[in-house]
2 protein chains.
Amino acid sequence: MTTPKHAQLAAVLRARIAADDFPDGRLPSESELMKEHAMSRTTVRSALKELQNEGLLRSASGVGYFVRRFEHFSYRPQDDFRAVATIQDADSFTQAAAKRNPTQQIEVGIVRAPKDVARRLRIAEGDSVVVRRRYRSLDGVPYQINVSYYPLDIVSGTDVMVPQDIVRGANQLLADHGYAQVRALDEIWFRMPKPEEARWLDIGPGIPVAEHVITGFTADDQAVRMVRVILPGDRNVITFDRVHPDHERASRP
Amino acid sequence: MTTPKHAQLAAVLRARIAADDFPDGRLPSESELMKEHAMSRTTVRSALKELQNEGLLRSASGVGYFVRRFEHFSYRPQDDFRAVATIQDADSFTQAAAKRNPTQQIEVGIVRAPKDVARRLRIAEGDSVVVRRRYRSLDGVPYQINVSYYPLDIVSGTDVMVPQDIVRGANQLLADHGYAQVRALDEIWFRMPKPEEARWLDIGPGIPVAEHVITGFTADDQAVRMVRVILPGDRNVITFDRVHPDHERASRP
DNA sequence: CAGTGGTCTAGACCACATC
DNA sequence: ATGTGGTCTAGACCACTGT
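Since the structure is predicted, the reported quantities are computational estimates derived from the model, not experimental observations.

## Things to note about the overall build of chain A
Secondary structure assignment for chain A yields 9 helices and 10 strands. Buried residues in chain A amount to 50% of all 253 residues. For chain A, the exposed surface amounts to about 12100 Å²; the carbon and sulfur share of it is 50%.

## Focus: the packing of aromatic side chains
Applying the stated criterion to the full structure yields 5 aromatic pairs over all chains. Ring geometry for A:Tyr135 against A:Trp200: centres 4.1 Å apart, planes inclined by 25°, an arrangement best described as stacked. A residue pair is termed long-range when its members are at least 10 positions apart, and A:Tyr135 in strand E5 (residues 128-138) and A:Trp200 in helix H9 (residues 195-201) qualify at 65 residues. For A:Tyr135, a relative accessible area of 12% gives the class buried. Ring centres of B:Phe73 and B:Tyr143 lie 5.8 Å apart, and the angle between their planes is 75°; this geometry places the pair in the edge-to-face category. Placement of B:Phe73 in strand E3 (residues 73-75) and of B:Tyr143 in strand E6 (residues 141-151) is noted, with a sequence separation of 70 residues between them. Each member of the pair, B:Phe73 as well as B:Tyr143, is classed as buried. Between B:Arg183 and the ring centre of B:Phe217, over which it is positioned, the NZ or CZ distance is 4.3 Å.

## What about the environment of A:Asp20?
As for its placement among the helices and strands, A:Asp20 is situated in the loop between helix H1 (5-18) and helix H2 (30-37). Taking the C-alpha atoms as reference, A:Asp20 lies 9.2 Å from A:Val67; in sequence the two are 47 residues apart.

## So, the relation of the copies chain A and chain B
Turning chain A through 180° and shifting it by 0.0 Å along the axis lays it on chain B, with an RMSD of 0.0 Å. What we have between these two chains is a two-fold relation. Most of the interface of chain A is mirrored in chain B, where 98% of its interface residues are also at the interface.

## Observations regarding the protein's contact with DNA strand D
Every one of the 23 residues lining DNA strand D counts as a neighbour, but A:Arg41, B:Lys5, B:Ser40, B:Thr42 and B:Thr43 are closest to it. Close to the protein, within 4 Å, the atoms of DNA strand D belong to sugar or phosphate groups at a rate of 68%. Between DNA strand D and the protein, one listed contact pairs a phosphate oxygen with a backbone N or O atom of A:Glu30 at 3.0 Å. Mapped by element, the contributors of at least two residues to the surface near DNA strand D are H2, helix H3 (41-53), strand E1 (57-60) and strand E2 (64-67) of chain A together with helix H1 (5-18) and helix H3 (41-53) of chain B. No other element matches H3(B), which puts 3 residues into the surface near DNA strand D. For the surface near DNA strand D, the class distribution of residues is 6 nonpolar, 12 polar and 5 charged.

## Digging into the pattern of salt bridges
This model, assessed by the stated rule, comprises 30 salt bridges over all chains. Notably, a salt bridge pairs A:Asp186 with B:Arg242, separated by 2.8 Å at the nearest N-O pair. One end of the pair, A:Asp186, is in strand E7 (residues 181-191); the other, B:Arg242, is in strand E10 (residues 236-243), on a second chain. With respect to class, A:Asp186 is no different from B:Arg242; both count as buried. The partner of B:Arg191 in a salt bridge is B:Glu211, with the nearest N and O atoms 2.8 Å apart. Linking B:Arg191 in strand E7 (residues 181-191) with B:Glu211 in strand E8 (residues 209-218), this pair joins segments that are 20 residues apart in sequence. A single burial state applies to B:Arg191 and to B:Glu211, both of which are buried. Sharing partners across several salt bridges, the network here consists of A:Asp116, A:Arg191, A:Glu197, A:Glu211 and A:Arg228.

## Some remarks on the interface of chain A and chain B
Every contact between the two is made by 47 residues of chain A and, on the other side, 46 residues of chain B. Interface area for chain A against chain B, summed over the two sides, is near 4100 Å², with a carbon-plus-sulfur share of 59%. When the buried surface of chain A facing chain B is broken down by residue, A:Phe190, A:Met192 and A:Arg242 rank first, second and third, together holding 22% of it. Scanning the region where chain A abuts chain B turns up 4 salt bridges. Measuring nitrogen to oxygen at the nearest pair gives 3.6 Å for the salt bridge that ties A:Asp241 to B:Arg183. Our count for the contact surface shared by chain A and chain B stands at 10 residue pairs in polar contact (both at pLDDT 80 or more). Listing elements by their share of the side of chain A that touches chain B, those giving two or more residues are helix H4 (79-82), E7, strand E8 (209-218), strand E9 (223-232) and strand E10 (236-243) of chain A. Considering each element in turn, the side of chain A that touches chain B owes the most residues, 11 residues, to E7(A).

## Considerations on the sheet that holds E10(A)
Spatially, the 8 strands line up as an open sheet ordered E3(A)-E10(A)-E7(B)-E8(B)-E9(B)-E6(B)-E5(B)-E4(B), and their pairing is mixed. The open sheet has two edge strands, strand E3 (73-75) of chain A together with strand E4 (102-112) of chain B, and neither has a second partner. When the angles between neighbouring strand axes are averaged without regard to direction, this sheet yields 20°.

Rules used in this analysis
- Residues numbered from 1 in each chain as written.
- Chains lettered and ligands numbered in written order.
- Predicted model: local features only at pLDDT ≥ 70, side-chain atom pairs only at ≥ 80, totals over all residues.
- Heavy atoms only, no water.
- Helix = DSSP H or I, 4+ residues; strand = E, 2+ residues; numbered from the N terminus.
- Buried < 20%, exposed > 50% of the residue type's maximum accessible area, 1.4 Å probe, protein only.
- Areas by Shrake-Rupley, 256 points an atom, 1.4 Å probe, with all protein chains shown as cover.
- Phe/Tyr/Trp six-rings, centres within 6.5 Å; stacked < 30°, edge-to-face > 60°.
- Lys NZ or Arg CZ within 6 Å of the ring centre and 35° of its normal.
- Least-squares fit on C-alpha atoms with pLDDT ≥ 70 in both.
- Contact = heavy atoms within 4.5 Å.
- Near = heavy atom within 4 Å.
- Polar contact = N/O pair within 3.5 Å; in protein donor to acceptor, adjacent residues only side chain to side chain.
- Nonpolar A, V, L, I, M, F, W, Y, C, P; charged D, E, K, R; others polar.
- Salt bridge = Lys/Arg side-chain N within 4 Å of Asp/Glu carboxyl O.
- Buried area = accessible area lost by both parts, 1.4 Å probe.
- Pairing = 2+ DSSP bridges.
- Axes fitted to C-alpha atoms, helices over the stretch in contact; angles between N-to-C directions.

Next comes the structure, spelled out in C-alpha cells:
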C-alpha cells in the first residue's frame, strides 16, 4: 500500500513547479531525472505525462519539458447584448480585442438542424438553418470557435448569409428585421476538447475547453439565435456582471 | 510521417465510442485489443490512456475499461441573488437540489487574506478574513467545493462564524447587518483539478473543473463577499439568464 | 482460481532541434 | 554529432475482482 514511484516523482515535481523552482521554466531532461531518482525511463515518462495531463507541463520534441504559463483573456458574453452599430462587428470578441489584431475566418452555409440546435430554436430536427462558423484569433493565436445558427426563414436573404463581417453586428441585423433579442440563456459546459477542436485551437494535453451555448429570445419569447462558442481554457476567463433584479441599473466599471 | 499505432487505435476506439458501439459500456480487455490489433500491451495501454485523458473512458482495476456516462446538474449562480429568507440556506445549490438529498460539511475559520482574496475584497494582503469552507454533495456524490470569504470587521460576531447552515442565507444575513449586495462580478476559469480537488470531488482523469469566483458589492460599491466555487465538469452545467439592460424585467421560465 | 488493470524494467529505433 | 523527446517491444510481478 505504498505510493507508486511515478506518483512520488510527480508529487516532487508538482511541488517544485508550485514553488517556482524552475526559474527559466525548463525541467531536467528525462535522462537526468532517471539518474537523480533511480528510475527507469518509463517511470519518469509516466510522471511527466501525469503533469502534462494536469496542464502543468508541456513537452517539446527534441528540446525538453517546460512549465506552462497562462495568460487569460477576458471573455464577456454580455457585450453581445450591449453591442450597437459600429464600424466593426460589435460583439464581445471583436470589441474587447480591438488592439490585439483580431482576425477571423468565416464560413457560412445552410444545413439541417441537429438535435440540440433544433431543441433550442424550437424547430423540428432536420429543418433548414443558416450556420455561420467563425474561427477567431488574436495576434495569430486562436481564441475561440464561434458557430451561430439562425432559423432560415428569419434570416434568408440578409447579410447573415454573406461570409464576411456583419458590419452592423448580427444582433442589430436581427433587430432591424423585427427580431430584436431581449433575453438570452447561457449554458456553459467544460470538458476536454475533441481532436478537431484541439487541432484548431492549438491545444496541448491537459487543457480543457468551455462550451458556451447562447440562446437568444425576442420579446415574444421566440428563439431566433443559437450560438456555440468553444473556448480554450489556457487563454480565457468568462466574465459576467450581475445586478440584483430589484435594484436599478448600476454603473459599470 | 505516418500516424503512430497508439493514435490509430485511439482513433478507432474513439469512433466506436461516438457511434455507441459498446452497448453495455464495456470495452474489450487489453489482451483482446493486443490480439485484435497486433500491438504490444504498452501501445494498447497508451491508446486507452489517451482516451481516459479525454474523459471518454474510465478504468476499473481488476475489472476493465468503461465508457463514461455524464449527467449534468444545472448550477445557477443567479439563485444566490434572488434568495430570500427561507427555512434553508437559500442559495443556488441548496434550493435547486432540495429533492436530491443535499448534504454538506462546513468548516469555519479566520485566516489571513491571500493575495487574490485581498485584491477582490479591496483589503490588504494578510488582513483577517472569515472563511467558510463547504463540501457539498447530492445523494452522497460530491458536487462542489464552496469557499466564502468575508472581511472580519463586517461579519464578526454574526452567524457567519458558526459552522452550521445559515438559516437566513448568508446574503440575507449580510443585508440584515447593512451590507445588502446589489451587484456581483462572476469570473469563471476552467482547468484540470489540483490533486486535493480531485480527491475531494472524486474526479477521475480527463475531467476538468470550473473555478467560479463571485465578488459581491453593496450599493456603495463596497466588496463584502468573495466566493470560490469548484465544480467538477462531469456533473455540472453553469446556467445564466440575461435580459437586455434596456428591457423591463421578463418573466423567467 | 483465472482474468483484469497497475507498475516497473531494459533495451531499441526514430524524428527532431541544436550547435 | 549529440542530446532531446516519441514510439514500440517483450517480459515480469503485483493487487484486485470476479466466480
